[in-house]
Amino acid sequence: MDELSHHSSRMSAVQQFDVIVLGAGISGLVAASIFSAQGNRVVVVDEYDHVGGNHMDWSSDEGYTFDVGSLIFQDDSPLLRHFPELLEHYVPIKPTWGRLNPQGKITVYPISIRDDILGAGPIGVIRIFASVLYARIFCRHMANARDFARYWIGAYLLHRSGLGTYMRRFYGISAEEIDLDLARKRMLWIAEYASLINLMRRLVKRKRATGPKNRQMARPKEGFGALYAAAVSRLESCGVVFKLSAEMRQLHKSEDGYELLLNDESLAGGRVVSTVPINVAERMCGNGQASALKTITLITLYFSFAGERGFPQSIIYNFSHDGSWKRLTVYSDFYGRVVEREYFAVEVIAGAVVTAEEAEADFRYHVCANGLFSGDLKLEGSHILSNAYPIYSKGAAQNAAQAIARLKSFGIESIGRQGGFNYQPTARVSTIDVETAIATP
Ligand SMILES: Cc1cc2nc3c(=O)[nH]c(=O)nc-3n(C[C@H](O)[C@H](O)[C@H](O)COP(=O)(O)OP(=O)(O)OC[C@H]3O[C@@H](n4cnc5c(N)ncnc54)[C@H](O)[C@@H]3O)c2cc1C
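Residues numbered from 1 in each chain as written. Predicted model: local features only at pLDDT ≥ 70, side-chain atom pairs only at ≥ 80, totals over all residues.

Section: the overall build of the protein
Then step 1. Of regular secondary structure, the protein possesses 17 helices and 19 strands.
Then step 2. In summary, the protein has a C-alpha radius of gyration of 24 Å against a globular reference of 22 Å for 441 residues, a match within 12%.
Then step 3. Considered along the principal axes of its C-alpha atoms, the protein spans approximately 80 × 55 × 45 Å.
Then step 4. Looking at the protein as a whole, 40% of its 441 residues qualify as buried.
Then step 5. For the protein, restricting intrachain contacts to residue pairs at least 6 apart in sequence, the fraction spanning at least 24 positions comes to 72%. (Helix = DSSP H or I, 4+ residues; strand = E, 2+ residues; numbered from the N terminus. Rg over C-alpha atoms; globule rule 2.2 N^0.38 Å. Buried ≥ 20, exposed ≤ 12 C-beta atoms within 10 Å, placed from the backbone. Contact = placed C-beta atoms within 7 Å.)

Below you can see the structure in the form of structure tokens.
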């Protein structure tokens, strides 16, 4: 008796659905909302024990709640069309962003005319403009993200502003290895800032602007649980079934569609939409040709602090040439202090540092050297997340497209940040991408 028939024999009757959605992150929730509104019987399956995917938080006994990364949302997000009840759970915030530049100064994010350009002094300003001129004339051919950034702001400013170093820190590989298409999408702002015509347009627009059109919102103080419980309630009231902490063992084709084997039950569906990492889906359908797609491992450090902070902004990006940390977010600016202490999370891309201990030591050394925190800095906890986001090295997009096509030929529609190996910076983009993917036959 093979594993499959043995497994089936000890299971209760197969539960029937029209659509099986793999993954209960933003993409899975939106997919479930669309399919159920179309009148389908939907089941959402996730190996995680919670809904919200990589929107994960961690609370300490002292009353601090931290996240692995995601935090800020908008009140005009299309996600709210599917789940309007989320809105009342968000906390309105007014975030401010800053950047530690290679000169050790906290300045404007993403680039400061005063500090990065004028601060270079007369000779430096001449070098900046000479290098932009050189790039615009002689570096028109672009093969990677560095070429793209250099064309727009010149090699000198790319180095002086720390943007080149930040790109390496963010993507986990050097700018020369980063896919050009991604650079065009992700770093469009560079072209917008550096183009004279756009600068003029922005100035005119700014004069006419009447203030921000949307409100920035943070997740509830106590974490994502209450937020996504509201989405689950809505979906369950429409008949959607959730299977969490479910080990997805095997997916195979059946007479009427597909059968998914979990640990102690089996689900059948006519359609399978996957939002889990591509390699997880490939493993499930026994696709021997596992793709070699690389992903970022994100180390998040959770600190509390009492003392003098060397910056007023809530979010600081590390553009300096040293230190492994990428970004820090001060939660106490949004939710208030806990027992008189501020608290914040620090994101570190695993690479030069691998363990939370190494990341902490590196962070402490670097912020101390740059005067960011002076006082009692205490590590409350940490989290290491694999598959945090895709590494967009050259050729990765084609590899992903081939893997997605293989899954498609098996019958799995693989979409979302993980399933589509897609650059999705916000829940807004994830929502729109899923809406588009499902609407496209
Ligand atoms: C560091 C960071 C910060 C972000 N900040 C914001 C923000 O402030 N605001 C905002 O709107 N968006 C933010 N985003 C983007 C937002 O989180 C995504 O757009 C959205 O979560 C994607 O949802 P998804 O369902 O496609 O994928 P995910 O939630 O990534 O994953 C879907 C499912 O895949 C499976 N899965 C994921 N990882 C693994 C794994 N390692 N092993 C096995 N299975 C796995 C799980 O079943 C999970 O439920 C951030 C993303 C990151 C990585």
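Considerations on the sheet that holds strand E7 (residues 97-100)
Then step 1. What the 7 strands build is an open sheet, ordered E8-E7-E15-E16-E17-E14-E18; its pairing is mixed. Each edge of the open sheet carries a strand with a single partner, namely strand E8 (106-108) and strand E18 (373-390). The average undirected angle you get between the axes of adjacent strands in this sheet is 25 degrees.
Then step 2. Two strands pair when backbone bridges link them, and E7 and strand E15 (residues 315-318) are joined in this way by 4 bridges, in the parallel orientation. Its bridge partner being in E15, Leu100 is matched across the sheet by Asn318. (Pairing = 2+ DSSP bridges. Axes fitted to C-alpha atoms, helices over the stretch in contact; angles between N-to-C directions.)

Digging into the site of the ligand
Then step 1. Taken together, the neighbourhood of the ligand is formed by 35 residues, with Gly25, Gly53, Gly69, Asn387 and Gly416 sitting nearest.
Then step 2. Contributing elements (two or more residues each) for the shell around the ligand: helix H2 (26-37), strand E5 (72-74), E18, helix H16 (416-419) and helix H17 (427-439).
Then step 3. For the shell around the ligand, the element with the highest residue contribution is E18, accounting for 4 residues.
Then step 4. Across the shell around the ligand, the residue classes tally to 14 nonpolar, 17 polar and 4 charged.
Then step 5. In terms of domain composition, the shell around the ligand takes at least three residues from each of domain 1 (3-55 + 221-291 + 394-439) and domain 3 (295-390). (Near = placed C-beta within 6 Å. Nonpolar A, V, L, I, M, F, W, Y, C, P; charged D, E, K, R; others polar. Domains from an automatic or database assignment.)

Quick word on the pairing of strand E16 (residues 325-330)
Then step 1. Note: E15 against E16, 3 bridges, orientation antiparallel. The residue bridging Ile316 from the neighbouring strand is Leu328, located in E16.
Then step 2. Hairpin connection from E15 to E16: 6 residues lie between these consecutive antiparallel strands, with Gly323 at a positive phi of about 85 degrees.
Then step 3. Two strands pair when backbone bridges link them, and E16 and strand E17 (residues 342-349) are joined in this way by 5 bridges, in the antiparallel orientation. The residue of E17 that forms the bridge with Thr329 is Ala345.

Details of the domain arrangement of the protein
Bring the parts together and some accessible area is lost; that lost area is often taken as the interface size.
Then step 1. Domain boundaries assigned for the protein yield domain 1 (3-55 + 221-291 + 394-439), domain 2 (112-208) and domain 3 (295-390).
Then step 2. Computed over C-alpha atoms only, the centres of domain 1 and domain 3 are separated by 33 Å.
Then step 3. Taken together, the contact pairs 7 residues of domain 1 with 6 residues of domain 3.
Then step 4. For the side of domain 1 that touches domain 3, a count of residues per class yields 3 nonpolar, 2 polar and 2 charged.

Some thoughts on unusual backbone geometry
Then step 1. Residue Pro110 is bonded to the preceding Tyr109 through a cis peptide linkage, with omega at 5 degrees.
Then step 2. Position of Pro110 relative to the elements: it lies in the loop between E8 and helix H4 (113-117).
Then step 3. One non-glycine residue, Ser245, lies in the positive phi region at around 50 degrees.
Then step 4. Under the C-beta neighbour-count criterion, Ser245 is labelled exposed, with 11 such atoms within 10 Å.
Then step 5. Look at Phe421: it is not a glycine, yet its phi comes out positive at around 45 degrees.
Then step 6. Within the secondary structure, Phe421 is located in the loop between H16 and H17.

Describing the sheet that holds E5
Then step 1. The sheet built from 3 strands is open, its strands ordered E5-E9-E6 with antiparallel pairing. If you trace the sheet from one side to the other, it starts and ends with E5 and strand E6 (91-93), each paired once. Put simply, the sheet's adjacent strands are angled 45 degrees from each other on average, direction ignored.
Then step 2. Sheet analysis places E5 next to strand E9 (residues 216-218), joined by 3 bridges and oriented antiparallel. In the sheet register, Phe73 faces E9, and the bridge partner there is Met217.

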